[in-house]
There are 2 protein chains.
Amino acid sequence: MLRGMLLLPGIVLLVVLDLYDAAPGEDIVETLPGLKNQPRFKHYSGYLNASGTKRLHYWFMESQNDPKSDPVVVWMNGGPGCSSMEGLITENGPFLVSPDGSKLHYNPYSWNMVANVLYLESPAGVGYSYSQDRNYTTNDDETSYNNHLALQSFFKKFPEYKKNEFYLTGESYSGFYLPCLAVRLMNDSNINLKGLAIGNGLSSLSMNDNSMMYFLHYHTVLGDDEWSMLQKYCCNCSKCEFSDPKDAKCRSLVRIAAQRIFTIGINEYDILSPCADGAPAMDENGEVIPSHFPSMLFRKHAFSHAWRKSGQMRNRLGLDSPCTNTSRMARFMNNPAVRKALHIEPGLPAWVDCSDDVHRNFVWQYEDMRAQHLSLLKTKKYRILLYNGDQDMMCNYLGDQWFVESLQQKLLKSYHPWYYEDKHEGRQIGGFVKYFTNLSFLTLKGAGHMSPKNKPQPAFYMITHFLKNQPF
Amino acid sequence: MLRGMLLLPGIVLLVVLDLYDAAPGEDIVETLPGLKNQPRFKHYSGYLNASGTKRLHYWFMESQNDPKSDPVVVWMNGGPGCSSMEGLITENGPFLVSPDGSKLHYNPYSWNMVANVLYLESPAGVGYSYSQDRNYTTNDDETSYNNHLALQSFFKKFPEYKKNEFYLTGESYSGFYLPCLAVRLMNDSNINLKGLAIGNGLSSLSMNDNSMMYFLHYHTVLGDDEWSMLQKYCCNCSKCEFSDPKDAKCRSLVRIAAQRIFTIGINEYDILSPCADGAPAMDENGEVIPSHFPSMLFRKHAFSHAWRKSGQMRNRLGLDSPCTNTSRMARFMNNPAVRKALHIEPGLPAWVDCSDDVHRNFVWQYEDMRAQHLSLLKTKKYRILLYNGDQDMMCNYLGDQWFVESLQQKLLKSYHPWYYEDKHEGRQIGGFVKYFTNLSFLTLKGAGHMSPKNKPQPAFYMITHFLKNQPF
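Residues numbered from 1 in each chain as written. Chains lettered and ligands numbered in written order. Predicted model: local features only at pLDDT ≥ 70, side-chain atom pairs only at ≥ 80, totals over all residues. Heavy atoms only, no water.

Q: Looking at this structure, how should I read the overall build of chain A?
A: Across its full length, chain A carries 16 helices and 15 strands. Across its three principal axes, chain A shows a C-alpha extent of roughly 75 × 50 × 45 Å. A buried classification covers 62% of the 472 residues belonging to chain A. When the accessible area of chain A is evaluated, it comes to approximately 18200 Å², of which 52% is carbon and sulfur surface. Where the 47 positive side-chain charges of chain A centre and where its 47 negative ones centre are 4 Å apart. (Helix = DSSP H or I, 4+ residues; strand = E, 2+ residues; numbered from the N terminus. Buried < 20%, exposed > 50% of the residue type's maximum accessible area, 1.4 Å probe, protein only. Areas by Shrake-Rupley, 256 points an atom, 1.4 Å probe, with all protein chains shown as cover. Lys, Arg positive; Asp, Glu negative; His and termini not counted. Charge placed at Lys NZ, Arg CZ, Asp CG, Glu CD.)

What follows is the structure, given as C-alpha cells:
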C-alpha cells in the first residue's frame, strides 16, 4: 500500500485511495519475472474462496485506461480442466510469454487496455487452484456455484469495483461455464452483470458434433466421396444427424471418419496451422496409429466411450491435441520466482495447462446451453456475443451459428461483413456478424480456437466494441 | 559462348558443349540487376517466333541440379492476358522480387532446383511479347497454335533439350491454355511431352461458378440465411445450378450475392489474406460501391455482361482483384537495366502484369476442357495433375475436384492426406490427394491461387514428386 500512497500527493487523494484502492495489499504483484520493465498498471494475484476447502487462484489486471470507470471483465478458458492462465499469457493478457517460456513481452492488444480483467482458474484442481480435500470431482452446477462464490470473494477483496459494469468472457468450454454462472448472477444484485462474450464456445454437444462434419468437408478434410456416403446414410434432404445417428451404417461411417480425422495430424484448434509436434508417424500399413480422441465429441457414440476408457490415448487427456504444445506456458508458470511473485500457495504441485484429474472426473450435466441463454435473454437486461475464429474445428463457427439461430431471437441486422482499421494493412474485413435483440453472432476471419492469440487486432476491436455496446 | 568454353578444359568437353550447349549466346543473361550475386546456373531471355509477326518473350532457367537429364518444364500464368513473369519473380522462379521492386533474392524452393524451367509470356500482347501488326485479338485455338510454334522455336534455339522429358505447368487460365496446347503436342514427335500439372486451373466455366457459391458458404462469406435461400431457389436435393439458372428468383439471388462478394474487400485469390489496398469504402448508405467483377465468372448471367460493358469498373481489367498489388513486379520488370539484361526489344511499351488489350479481345471458345483431358488420358501416355491451393476463391478446389471426377477415370487410391517434411515444423500435412490412372487431384493446404508463392515448400515437394512420378 505504501507504494501506492507515495505516488499520491495530498489528503484529498488519500480519501480517493480509501475508496478506490481497497485492493488487497498482500495480493499485489510487485515484481513479475520475465518482464524488462514492470507495468504501469497494478495487478494482483492470489486466492479467492469458494465452497468447503476450495481456493481458486486469480490474476487480476487493472485497466491501462481508466480502472475506475472501465468495466470488470472475467476471462475463463475451458476444458473442462484448462487454466485461464493460457488466455492471460498467450491470448489477450497484457504480457505474452516467449517461445522458451523465460520472458514476457507487452501485448498492444491486451484486453486490459479497455477493461479491468480478472483471470480465474476454475474449478478447483485447475492450474494453481486447489481444494484441501483434493476431491476434484465436480460438475457444471457445482462449478458455477463455486465460481459465483469466488466472484463474491473477489468483490470482498476489491469492493471499489462493485459498481463497475461486469462482463463474463471466455472460450471453449466456457460456453458451458459462463451461461451457467450468468444465470446465478441474475439473482445477485451485488454484481452488476451486463453481458457475456464467448469465443469458440461449446454451446450444444449435438450441434457441435453435427456441424463439425460439415466443417471438415468444407475444409477439404472429408473428400467428396466420403461426404456423399455420409450424406446418403446420415442425412435426408435438409438435415444430417452425425451426433447420434440411428442408422448403423451411418454410425460406422462417422466412427471411421472421426477416428481418422483425429489421428492424421491436423491442428484441431486451427486447421491451417502446422501440427506443433509434427504429424504422427504411420505404421507399416501406411495407417496412422490412433492416439487421441477429444472427449467432448461424439459422446453418444460407443467408439468414443470405448476410446476414452481404453487407455489407448498417448495423450493422457484427450483435451490437448497432439498438434499443440503447451510447454512454454508450463515453463513460465512453474518458474519458482514466478510462483513466488504470484503468491502461489507453497506445496502445490506443478502447474499444467489442462488438468487430467479435473477433466476425467467432470460430470457433464447438460446437452446444451439453450435454457440458460433464453433465461438471460428473456430479462432483456444482458447482451450476449457468441464469436468464433472460423478456422477452429473443435468448436467450429457453424455449430455456434446454428445454436444462435436456434434461440429464435428477433433479427436486427442480417449477416454482413464487419471491418476494422488494421495498423499495417488499412481497412480490412474482420469477419462477419449478425445481430439479434441483445444477441450477436460474429466470426473472426482466419482465427482458430484461441482467436485473440491468432488475430489480436480484430479481436481487440471486437471486445472493445462489445463492451461499449457499439456496432462492430 | 566464350564464358561457357573457358570453364571447359579440353577437346572432349568441347564436343559435349556442341551437343549440350547449343543455347543461343545472344539470349544469355549475363548480369541480372537486383541480384547480389549472379547465379551459378545459366539463364536465357529473348524471343521465340510464333505465327505472322508474333514474337513471344521467354525466360529460360537451366536446372540447378542436372540440366542435361532434368526435365524441361514450361510455366504459364493465366488471365487470359497475364504474364508468366509473375510466376517467375513471385512464385516458383529462382529469384523472387523484393517488396519495393528493386532487389531479387534466391528462392530455395525454386522449381529449377529439379527442372529446366521455361517461362513463356503468351499470347502476343502479354508482358514483353508482341506482334508487329499490333493485333491482339485471339482465341484459345490460335493461342495454343502460337504456343506450339513458340516451343518449336525454343527447341531450335536449344536443340540439346529435345530429348529431355517435357512437362507443361501453369495456373489459373492455364487450365485452358495447357490442355489445348498438350493436344497439339500429342502429334509432335519432336517434343517429348510427358505430362501436365495445372494449379488452381479454370477447367470448366460452369463447375467453377457453381462450386464458387459452395466455397463462399463454406468459408463464412455467404451466411446460412442467404445460403438457405439460394438452395431453395437454385437447387434440388442433390444439385445446385448457380452458373446458368432457369429460375428468375435464383438468378436474382446469384446476382445479389456475386456482386456483393466482389465488392466487400475479400482477397479473391487468397480468402484469408488481407486486402492489399484496404477494403473499399462504403457510401452514405453503408453500401460498398461496385467497382470490380472478374470477367471469367458467371458469363451466362446478364449482370456480368452488363457490368463488363458498363465501364463501371474502377479496375480496368476485372482480372486483378482490387485487393492485389502488382506494383513491385512492374517496378522490377520496367527497370531499364532489367529490360536490357533480358534483351527486351527496344521501343516496347511498359510491362504490365495483365494486359487489358489481350484480355478484352480474347475470344473464349470452350466451356470446359473435358474433351482435351480425355484425349490425353485415352492415349495412356501422359500424366495429369490438377492441384489447388484450397484458399483460392477464383478457381476454387471444389470445382476442380468435381471436374476431375467428371472425367470418370479408374480410381487408384481414394482421397487421403499427403505429407511433407517441413524444414521447421517437421512432418506436416501438405494437403489431400486422390489418384486415378494417369490423373491426380491434389490440394495444397492453406495456399491461395498462387500456391507456390503461398506455400513454397509443399508446392516444391509436390512438383518434384510429380516430375519423378513418385506418389505424393
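Q: Just checking my understanding: could you explain the packing of aromatic side chains for this structure?
A: Describing an aromatic ring pair means giving the distance of the ring centres and the angle of the ring planes. Evaluated as defined, the whole model comprises 65 aromatic pairs over all chains. Measuring from centroid to centroid gives 6.1 Å for A:Tyr58 and A:Phe158, while their planes differ by 85°, and the two rings are edge-to-face. Here A:Tyr58, found in strand β2 (residues 54-61), pairs with A:Phe158, found in the loop between α4 (140-157) and β9 (166-171); they are 100 residues apart in sequence, far enough to count as distant. Using a relative accessible area of 0% as the deciding quantity, one classes A:Tyr58 as buried. Measuring from ring centre to ring centre gives 6.1 Å for A:Tyr214 and A:Phe242, while their planes differ by 65°; the resulting arrangement is edge-to-face. Of this pair, A:Tyr214 sits in helix α6 (residues 205-218) while A:Phe242 sits in the loop between α7 (224-234) and α8 (248-261), and the two are 28 residues apart along the sequence. By way of ring pairs, the aromatic residues A:Tyr214, A:Tyr218, A:Trp227, A:Phe242, A:Trp402, B:Tyr214, B:Tyr218, B:Trp227, B:Phe242 and B:Trp402 are connected into one cluster. (Phe/Tyr/Trp six-rings, centres within 6.5 Å; stacked < 30°, edge-to-face > 60°.)

Q: Is there a simple way to explain the relation of the copies chain A and chain B in this structure?
A: One copy of the chain maps onto the second through a rotation about an axis and a displacement along it. The two copies are related by a screw operation: chain A maps onto chain B through 180° of rotation and 0.0 Å of translation along the axis, at an RMSD of 0.0 Å. The operation mapping one copy onto its partner corresponds to a two-fold rotation axis. Residue by residue, 100% of the interface of chain A is reproduced at the interface of chain B, so both copies engage with the same surface. (Least-squares fit on C-alpha atoms with pLDDT ≥ 70 in both. Contact = heavy atoms within 4.5 Å.)

Q: Please explain unusual backbone geometry as it appears in this structure.
A: The bulk of non-glycine residues show a negative phi, and the bulk of peptide bonds are trans. Residue and element names in this part refer to chain A. Omega for the peptide link from Ser122 to Pro123 comes to -10°, which places this bond in the cis form. As for its placement among the helices and strands, Pro123 is situated in the loop between β6 (116-120) and β7 (130-131). Non-glycine residue Asn469 carries a positive phi angle of around 55°. Counting through the fold element by element, Asn469 comes out in the segment after α16 (456-467). Exposure remark for Asn469: the relative accessible area of 52% places this residue in the exposed category.

Everything listed is a geometric property; what it means functionally is a separate question.
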